[in-house]
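Chain by chain, the residues:
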Amino acid sequence: MANGRAAVRPFLYRAAMSSEARPVSPAVEAFRALHESSCFVMPNPWDVGTALYLERLGFKAIATTSSGFAFSRGLPDSTAAVPLEAMLGHIGDIVRAASVPVNADFLSGYADEPEGVAANVTLCVATGAAGLSIEDSTGDDATPLYERTLAIERVRAARSAIETTGSQVVLTARCEAWLVGDPDPARTALDRLVAFADAGADCLYAPGVTDPGQIATIVKAVAPKPVNVLVSSPVLGLSVAVLADLGVRRISVGSGLARVAWGAFVRAATGLVENGTFDGFAGSMSHAELDAFFRERLG
């Protein structure tokens, strides 16, 4: 379990906490507008290069992925393995590279208590992210979810911190019931997401739900606030069109794209070791195409 705010450089913390309320940025305005219209897909790059290419493909917003970033650093997906300062640096790198709104996967907020969550959310807002998510997972197998009242207060603290900055950054509250093996994830998620909406969350998210009926129930329960659905692996009968018809406003893919890349890499490398063949390189993008894309960005 994360115990309080992780160590960060003092100047970074002071700069974020002492800054005056800032005007709402065009990125935040654009991100908010996306949530008010039809369903949109928000893919998750894991580094600057993949962020830039997703933008080239025409996606209107992107989101960081804590697991994709952690795996790229040779680390597991946890706040213990990836410290706060490293995560803030990564989010800032993606924000500075992209010209579309960026949502930050901010895990549990790197703190247990609401006061720590508020302080760290302020730091995350300072990266320029247009949105951020706070989850109710503790990282402790014995008690995988924060106690209900505490979980709600953590969302309320995040909302208050955002309001203090004046940034209007989009706050997404996540219930991790499906991901931590809750005995009744549908009931737990529905109860908590409604409470999180009342506590000030702008968008609600229960990663792991794939049943259309359960998704529709969540959408109806928190309406008119938007719902994010995670699709990081193929799900029979689930598509962007189907999710849009269910009333979902935002679709993210989490570590899906990163794991696709890892899968291709491992298959190609395994082929070299086991078969002495290069068949795994088939289907790769050419050096010339990638090099030309990044050269174009330099002008």
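The following refers to the structure shown. It should be emphasised that the depicted structure is a prediction, and the values quoted were computed from it without experimental measurement. (Residues numbered from 1 in each chain as written. Predicted model: local features only at pLDDT ≥ 70, side-chain atom pairs only at ≥ 80, totals over all residues. Heavy atoms only, no water.)

A look at the overall build of the protein chain
- Broken down by element type, the protein chain carries twelve helices and eight strands.
- The globule rule puts the C-alpha radius of gyration for 299 residues at 19 Å, and the 19 Å found for the protein chain is close to it.
- Its C-alpha atoms give the protein chain principal-axis dimensions of roughly 55 × 45 × 40 Å.
- Counting all 299 residues of the protein chain, 46% fall into the buried class.
- The contacts in the protein chain between residues at least 6 apart in sequence include a share of 68% that link residues at least 24 apart.
- With an accessible surface of roughly 14100 Å², the protein chain has 57% of that area assigned to carbon and sulfur atoms.
- Computed over 24 positive and 32 negative side-chain charges, the inter-centroid distance for the protein chain is 5 Å. (Helix = DSSP H or I, 4+ residues; strand = E, 2+ residues; numbered from the N terminus. Rg over C-alpha atoms; globule rule 2.2 N^0.38 Å. Buried < 20%, exposed > 50% of the residue type's maximum accessible area, 1.4 Å probe, protein only. Contact = heavy atoms within 4.5 Å. Areas by Shrake-Rupley, 256 points an atom, 1.4 Å probe, with all protein chains shown as cover. Lys, Arg positive; Asp, Glu negative; His and termini not counted. Charge placed at Lys NZ, Arg CZ, Asp CG, Glu CD.)

Side note on the environment of R154
- Following the sequence through the fold, R154 ends up in helix α7 (residues 148–165).
- Considered as a pair, R154 and F265 are 111 residues apart in the sequence and their alpha carbons are 39 Å apart.
- Not counting chain neighbours up to four residues away, the residues in contact with R154 comprise S108, A111, D112, P114, V117, I134, E135 and Y146.

Considerations on helix α11 (residues 256–274)
- Counted at 1.5 Å a residue, the expected span for α11 with its 19 residues is 27 Å, and the 26 Å between its end C-alpha atoms agrees.
- All buried positions along α11 are accounted for by G256, A258, A268 and G271.
- Of the surrounding elements, those touching the buried residues of α11 are α4 (66–72). (Expected span 1.5 Å × (residues − 1).)

Looking at empty space enclosed by the protein
- Here the structure, examined in full by the defined rule, presents two cavities of 30 Å³ or more.
- There is about 40 Å³ of room inside the largest cavity.
- Along its surface, the largest cavity is lined by L193, A206, V209, I215, I218, V227, N228 and V229.
- Of all the elements in the fold, those that place two or more residues in the lining of the largest cavity are α9 (212–222) and β7 (227–230).
- Among the elements that make up the lining of the largest cavity, the one with the highest residue count is β7 (three residues). (1 Å grid on protein atoms, 1.4 Å probe; cavity = no way out; pocket = protein on both sides within 12 Å on 5 of 7 lines; lining within 4 Å. Points joined across faces, edges and corners; volume = space filled by probe spheres on them.)

Quick notes on unusual backbone geometry
- With an omega of 10 degrees, the peptide bond between A223 and P224 qualifies as cis.
- With respect to the helices, strands and loops of the structure, P224 is situated in the loop between α9 and β7.
- You will see that L107, though not glycine, has its phi angle at about 50 degrees, which is positive.
- Inspection of the secondary structure assignment puts L107 in the loop between β3 (102–105) and α6 (114–125).
- Looking at L107, the relative accessible area reads 7%, which means it is buried.
- Not every positive phi belongs to a glycine, and Y110 is a case in point at roughly 60 degrees.
- Structurally, the position occupied by Y110 is in the loop between β3 and α6.
- Classification of Y110 as buried rests on a relative accessible area of 2%.

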